[in-house]
Amino acid sequence: MNLGLVLTGGGARAAYQVGVIQAIAELTHLKETPFNVITGVSAGAINGSYLMSRADDFKLASHGLWDLWMNLHSERIYRTDPGSLASLGSKWLSTIGMGGMVKSKRANHLLNTQPLRELLEQELQLDKLSSHFKQGYLRGACVSATNYLTGTAINFFDGVEELTPWMRSTRIGVRTPLTVEHIMASSAIPVFFPPVPLEGAPYGDGCIRLTSPLSPAIHLGADRIVAVGIRYFRSDQQTVDLNQSLKRDELSIAEIGGVLLNAVFLDSIETDIERMERINATLAMMTEEQRAKHPNQLKQIPVLALRPSQDLGQLAKGTLHEFPTLIRFLLKGVGAKEDKGWDLLSYLAFEKAYTSQLIELGYSDTMRKKEMVLEFMFGDPARAGKMAKDV
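About the cut-offs
- Residues numbered from 1 in each chain as written.
- Predicted model: local features only at pLDDT ≥ 70, side-chain atom pairs only at ≥ 80, totals over all residues.
- Heavy atoms only, no water.
- Helix = DSSP H or I, 4+ residues; strand = E, 2+ residues; numbered from the N terminus.
- Buried < 20%, exposed > 50% of the residue type's maximum accessible area, 1.4 Å probe, protein only.
- Contact = heavy atoms within 4.5 Å.
- Areas by Shrake-Rupley, 256 points an atom, 1.4 Å probe, with all protein chains shown as cover.
- Salt bridge = Lys/Arg side-chain N within 4 Å of Asp/Glu carboxyl O.
- Pairing = 2+ DSSP bridges.
- Core = buried A, V, L, I, M, F, W, Y, C linked by side-chain atoms within 4.5 Å.
- Polar contact = N/O pair within 3.5 Å; in protein donor to acceptor, adjacent residues only side chain to side chain.

A.B. asks: Just give me the short version of the overall build of the chain, but keep the residues and values in it.
C.D. replies: Helix and strand content of the chain: 17 helices and nine strands. In the chain, buried positions account for 55% of the 391 residues. The contacts in the chain between residues at least 6 apart in sequence include a share of 75% that link residues at least 24 apart. For the chain, the accessible surface area stands at approximately 18,100 Å², while carbon and sulfur atoms represent 54% of it.

Okay, here's the thing in structure tokens:
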């Protein structure tokens, strides 16, 4: 059995995944990783690559990831000093104010992420991946990024020799040794973080165009998948009530930006899981002979979706004062306040006051579902699916 782990994006919200991983490590008591297929996109690529590089010691990896996020702050992700922000600000003023007369390189991002690159170079051990493949700890590993020139989702993967590239209309799999640059490209939040050049083309956050985030794990051979999302699952009635109760005429750029980032980071994994559940349900009604005759050779791939029990955006309320002074000043300029614009804040709030809440929530949510998680990973996925409906 090949068990896959799919980690989606979401900036600082990916701290939730860390709590989930820690809980799974405690529940399984395994030395080696239980996931021999690991894929990640955006901030999920950071968490995924950390686990990939330490696949031989899952317990140590989970503890290390926990410590890393618990001690994280904005200055370790992007520069917050006056000089860096002033330089980027002046470039934006020149780009917008001078229009087509600007001959220098135009502004295309708001923050300098050199600290993140230095952090990844320090913490990741991607040179160990080849030995992990040979020793059987991993079958396949993948991080996804978006080619800004073509709008294609590029799934950069590596793994055992039998794995081959794949091609679809909006996404392709490219085999290559994974590097820090691939992780930087995958996690480059559009507009906020700079595009990352890879093989002559600029790349950005993988969530922008990856409409099928489960796909890389399936192409790498996963027979069942644990997918860790960052979206609080509302019931139909909660959605109706929310849209009827919230009324306001004024709208800030921060709120618009929050909705746009939600569309980038939250929707694709939920849609893909629903699609997989429909495929599984359809295949369950077919006989072995009928499935064998199907032209696309579809097979049932059980998916366990682990989602937050609370709205992670709501948890960002009241965290604006934790940001560095100049970042706080800029965020206030686009309308972010303690009581609104918190969806946007939640993606950039790499501060312990926020991330520690998410880590602890991920841990408690997973421990609350421990029987279902263990049943899915080591027992009967179908039974785990029935249990999930009761949680």
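From this point on, the discussion continues.
A.B. asks: Tell me about the pattern of salt bridges, and please be specific about residues and values.
C.D. replies: A full pass over the atoms with the stated rule returns eight salt bridges. Across the pair Lys31 and Asp57 runs a salt bridge, and its minimum N-O distance is 2.8 Å. Residue Lys31 is found in the loop between helix H1 (15-28) and strand E2 (37-41), and its partner Asp57 is found in the loop between helix H2 (43-53) and helix H3 (58-70); the two are separated by 26 residues along the sequence. Judged by its relative accessible area of 53%, Lys31 is exposed. Take Asp57: its relative accessible area is 17%, and that puts it in the buried class.

A.B. asks: Describe the pairing of strand E7 (residues 201-205), with residues and values.
C.D. replies: Successive side chains on a regular strand alternate, one facing one side of the sheet and the next facing the other. In terms of burial, E7 is a largely internal element, four of the five residues being buried. Pairing of strand E3 (residues 140-147) with E7, which is carried by three bridges, proceeds in the antiparallel orientation. Across the sheet, residue Asn147 finds its bridge partner in E7, namely Tyr203. Note: strand E6 (residues 196-198) against E7, three bridges, orientation antiparallel. Bridge assignment links Pro197 to a residue of E7, and that residue is Pro202.

A.B. asks: Please provide a residue-by-residue account of the nonpolar core, values included.
C.D. replies: Counting residues in hydrophobic clusters, the biggest one holds 95 residues, and the most contacted among them are Phe35, Leu51, Trp69, Tyr78, Phe193, Val226 and Phe323. Ignoring anything within four residues of it in the chain, the contact list for Phe35 reads Leu3, Gly4, Leu5, Ile24, Phe58, Tyr137, Leu138, Val226 and Met377.

A.B. asks: Hey, could you go over the side chain of Ser346 for me, with residue numbers and the actual values?
C.D. replies: Summarising the element assignment, Ser346 is placed in helix H14 (residues 342-348). Polar side-chain contacts of Ser346 include one of 2.8 Å to the side chain of Arg13. Looking at Ser346, its side chain comes within polar contact range of the main-chain oxygen of Asp343, at 2.6 Å. Leave out the neighbours within four places in its chain, and Ser346 touches Ala12, Arg13, Leu312, Gly313, Ala316 and Tyr354.

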